[in-house]
Structures are given as C-alpha cells and as structure tokens.
Amino acid sequence: MTAMERTAAPLELDWGPDRPAMLEVQAAGDPAGWAAGARDGLHAALVEHGAVLVRGLGLHDADGVTAVLERLAAEPVTERETFAPRQTYSPGVHSSSPWPPNQPMCMHHESSYTLGSPGLLLFACLSEPTTGGATCLADASGVLDALPSGLTERFEREGWLLTRSYNGEIGATVAEAFGTDDRDAVERYCHDHAIACSWQPDGGLRTAQRRSAVVRHPDDGRRCWFNQIAFLNEWTLAPEVREYLVDEYGPDGLPFNTRYGEGEAIGEDVVQLINSVYEEHTVSRPWKSGDLLLVDNIRTAHSREAYEGPREVVVAMASPTGMAACSPVIEKVQR
C-alpha cells in the first residue's frame, strides 16, 4: 500500500474548544514523502478547522521545510513590505520575525496590509523553547462576531489605515521592504499597490495604505476579521518603547501605526478591547521539536507567547491570495 493510499482516508485529529486540531504521525524520517501522501487530507482538515498541528514529522532543518512545502504543491509567496529583516532559506521559507523573547507578539494575520497575502502559513519548530513560546491561534470569524457591532461596522465601512516611516534605524530598510532602494522602482511599487508615499528631506520614506478590515474567505465566503489594526498600533507597544519613539521621531513619525480608515486616531481603549477579544478566542499547544503547524492565514490569526530558552521556528508563506478574491471594500474604492 502506498503512502497516498494510507492517508486517503480522513485524518484522525485530536481537537477541542480549548486547543487547535492536532495530528500525530510517524513519518519514518521522510516528512516530505508523508506530506505528499497526506496533502488532500490536510487540505480538508484546514477547511474544517482553520489550522492543523502535525506532531511526529521530525523536521530538523529549513531544507526539510522547503521539501514539505514543495510536496504540498503550494506556491511560495515572495515577502514584500516586511517590517523586520528575516533570513531567507528558499523561496517563501524564512526565519521567524525577530521579536524580543520576553515580549509576546499579539494576534495578527500575516501581511494583511498587502494586496497579495499568503493564504497558507507553515510554521516548523526546529528547536523548542524551555518555557512558553507557543504559536497561538484565534478564529477570525469568531473574533469578528465577538467584537462590538458598532466598532466592526465602522472599520468595515472605513477600513484601516497603516502608516509607516522608514528611517534606516528601526525595522526594515526601504531596500529590505521593497526589494530595492531605487526611488523610481519603490514609487512604482507603491502606485501599483495603492500605497501613498513621500520622500522626506532626510532621505527617509513615509507611506500610508488603506485596507479592508473585514473580508470574505475566498473558499466559503465566511466573513473574517482580517487585519493588523491592534498589532501595529502604537498602544500595543510597551509604554517605555512608545514613549521613546514618540520623543525621538514625533507622533507622526513612528516606524508604524494604525488609524481608522479616514485618518482618526484609534484610542488605547479600542486596542485593548481588540486584544482582549483575541485573548478570549486564543487556543494553543506547546511546541515540540519537529512539529509542523499549518494555518489558513485568512481564517485564522496567530500570535507568539513570550519564552525562555532556545527557540527556532521556520516560517513558510504560500498560496498567494489577491484581496480581490476576498471581496474587499476598501481596495475597490482605491484602485
């Protein structure tokens, strides 16, 4: 019996309201071969659950993650507009975002500020931390339903505005974010992707982009709270970090910030509310070395706990999904 025949039946998953779906396997030293045989079952599990943790694959390096991505027949996504430089191992396969281990990374959808977000994320744990460090998940439809209707209706009507200041000191440089530092090429990219941009007297770049906060999943049409409104807002920063950045760059020169779509500032209370609803909908399982977590990036938000000890997680972005396929409101207004 072939591997494909062995995995043609529905996958037997362990799951519950307080934990994401998990599949325990014996890959016999061939994670890519197992992934090829389980591809259809994994797709069905993602449709049902929005994320699946596969335990027992024995992934131990970035090459193995690349091989799994290839056998899943998922098209890699070239990352643009990044916030921090990552190490790239192969097309679509990167190191995780640099973020202080003692600070949690709050819920977000990867690259939800772009017009071509990855539909699929793979997280592979090559080395588990001593404590903490789980990649946590939250259902985007559940979060949308739990937020106050007045707030979601406003964001659905106006969208959300992301502003960025590239100063060459904090976060990604212009070249790292856009793949080039040629001004004409950067301006063309911004024009083609509905981003307003302006060069500052000191040579820095400022951008602003308005995006839909609520979209429909391209497969089943479910409405999803899909954005990084709270994650990239100034009030999510540690107080001492926010104070330093405001003093150093001014309130309009922060490396990143979010606003309501028409430009009004978002209050600290709103950011705290969004994060508290995310927390109420968060599920997670501790990492084990060799694990693979597959995430539907539109249906499921993710975050990262603070941690201690070594932690190496490789991230693969795949299945580029144009926002036009997600019934956006704001993109249609802008383009």
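Residues numbered from 1 in each chain as written. Predicted model: local features only at pLDDT ≥ 70, side-chain atom pairs only at ≥ 80, totals over all residues. Heavy atoms only, no water.

**Section: helix 7 (residues 183-192)**
The criterion, for reference: Working definition: with a 1.4 Å probe on protein chains only, accessible area under 20% of the residue-type maximum means buried, over 50% means exposed, and in between means partly exposed. Counting from the N terminus, the helices are DSSP H or I runs at least four residues long and the strands are E runs at least two residues long. Read the arc as the range of directions from the helix axis to the C-beta atoms. The contact rule is simple, with two residues in contact once any of their heavy atoms fall within 4.5 Å. Pairing of N or O atoms within 3.5 Å defines a polar contact, subject to two protein rules: one partner must be a possible hydrogen donor and the other a possible acceptor, and residues neighboring in sequence count only if both atoms are side-chain atoms.
If you check which residues of helix 7 are buried, you get Val186, Tyr189 and Cys190. The arc enclosing the buried residues of helix 7, seen along the axis, measures out at 95 degrees, which places them on a common side. Among the exposed residues of helix 7, those pointing more than 90 degrees away from its buried face are Arg188 and His191. Each element contacted by the buried residues of helix 7 is listed here: helix 6 (174-178), strand 11 (196-199) and strand 12 (205-211). Its side-chain oxygen at 3.2 Å from the backbone nitrogen of Asp184, Asp182 defines the N-terminal cap of helix 7. Phi for Ala194, located one or two positions after helix 7, is positive at around 55 degrees.

**Considering the nonpolar core**
Formally: In this description, a nonpolar core means a group of buried Ala, Val, Leu, Ile, Met, Phe, Trp, Tyr and Cys residues linked to one another through side-chain atoms lying within 4.5 Å.
With 34 residues, the main nonpolar core has Phe155, Trp225, Ile229, Ile274 and Tyr278 as its most contacted residues. Per element, the largest residue contribution to this core is five residues, and it comes from helix 9 (residues 268-280). When sequence neighbours within four positions are dropped, the list of residues in contact with Trp225 reads His109, Ala140, Val143, Leu144, Leu147, Thr152, Phe155, Ala213, Val214, Ile274 and Tyr278. Judged by nonpolar contacts, the second largest core, of 30 residues, contains Leu23, Leu46, Val93 and Leu126.

**Some details on the confidence of the model for the protein**
Cut-off, in case you're wondering: Residue-level confidence of the predictor is what pLDDT reports, using numbers from 0 through 100.
Per-residue confidence for the protein gives a mean pLDDT of 92; residues scoring 70 or more make up 96%. Taken as a whole, residues 1-8 scores under 50 in pLDDT and shows seven contacts with residues more than four places along the chain or in a different chain.

**Here's the deal with the pattern of salt bridges**
Where charged atoms from two side chains of opposite charge approach closely, those side chains can pair. Applied cut-off: A pairing counts as a salt bridge when a side-chain nitrogen of Lys or Arg comes within 4 Å of a carboxyl oxygen of Asp or Glu.
Tallying each qualifying case throughout the model produces 12 salt bridges. A salt bridge links Asp18 to Arg19; its shortest N-O distance comes to 3.2 Å. Looking at Asp18, the relative accessible area reads 54%, which means it is exposed. As a salt-bridge pair, Arg242 and Glu234 come within 2.9 Å of each other at their nearest N and O atoms. Under the relative-accessibility criterion, Arg242 is labelled partly exposed at 23%. Connected via shared salt-bridge partners are Asp14, Asp18, Arg19 and Arg285.

**A look at the environment of Asp139**
Topologically, Asp139 is positioned in strand 9 (residues 135-139). When its relative accessible area of 27% is taken as the criterion, Asp139 is described as partly exposed. The spatial distance from the C-alpha of Asp139 to the C-alpha of His302 is 9.0 Å, given a sequence separation of 163 residues. In this view, Asp139 contacts His281 and Arg299; residues no more than four positions away in its chain are not counted. Side-chain polar atoms of Asp139 contact the backbone nitrogen of Ser141, separated by 3.3 Å. Polar contacts involving the side chain of Asp139 include one to the main-chain amide nitrogen of Gly142, which spans 2.7 Å.

**Quick notes on the packing of aromatic side chains**
Put simply, the rule is: For Phe, Tyr and Trp, rings pair up if their centres lie within 6.5 Å, where Trp contributes its six-membered ring, and each pair is then called stacked (planes under 30 degrees apart), edge-to-face (over 60) or tilted (otherwise). For a ring to carry a charge above it, either NZ of a lysine or CZ of an arginine must fall within 6 Å of the ring centroid while also lying within 35 degrees of the normal to the ring plane.
For the structure shown, the criterion picks out seven aromatic pairs. An angle of 80 degrees between the planes, with centres 5.2 Å apart, marks the rings of Phe83 and Tyr113 as edge-to-face. Here Phe83, found in the loop between helix 3 (62-71) and strand 4 (88-90), pairs with Tyr113, found in the loop between strand 6 (105-108) and strand 7 (116-127); they are 30 residues apart in sequence, far enough to count as distant. For the residue pair Phe83 and Tyr113, the accessibility class agrees, reading buried in each case. For the ring pair Tyr166 and Phe178, a centre distance of 5.6 Å and an interplane angle of 55 degrees mean the geometry is tilted. Taken together, the residues Tyr166 in strand 10 (residues 160-166) and Phe178 in helix 6 connect sequence positions 12 residues apart. For Tyr166, a relative accessible area of 6% translates into the label buried. The residue whose ring lies beneath Arg242 is Trp235, and the NZ or CZ to ring-centre distance is 3.8 Å. Above the plane of the ring of Tyr307 lies Arg311, whose end atom (NZ or CZ) is 5.5 Å from the centre.

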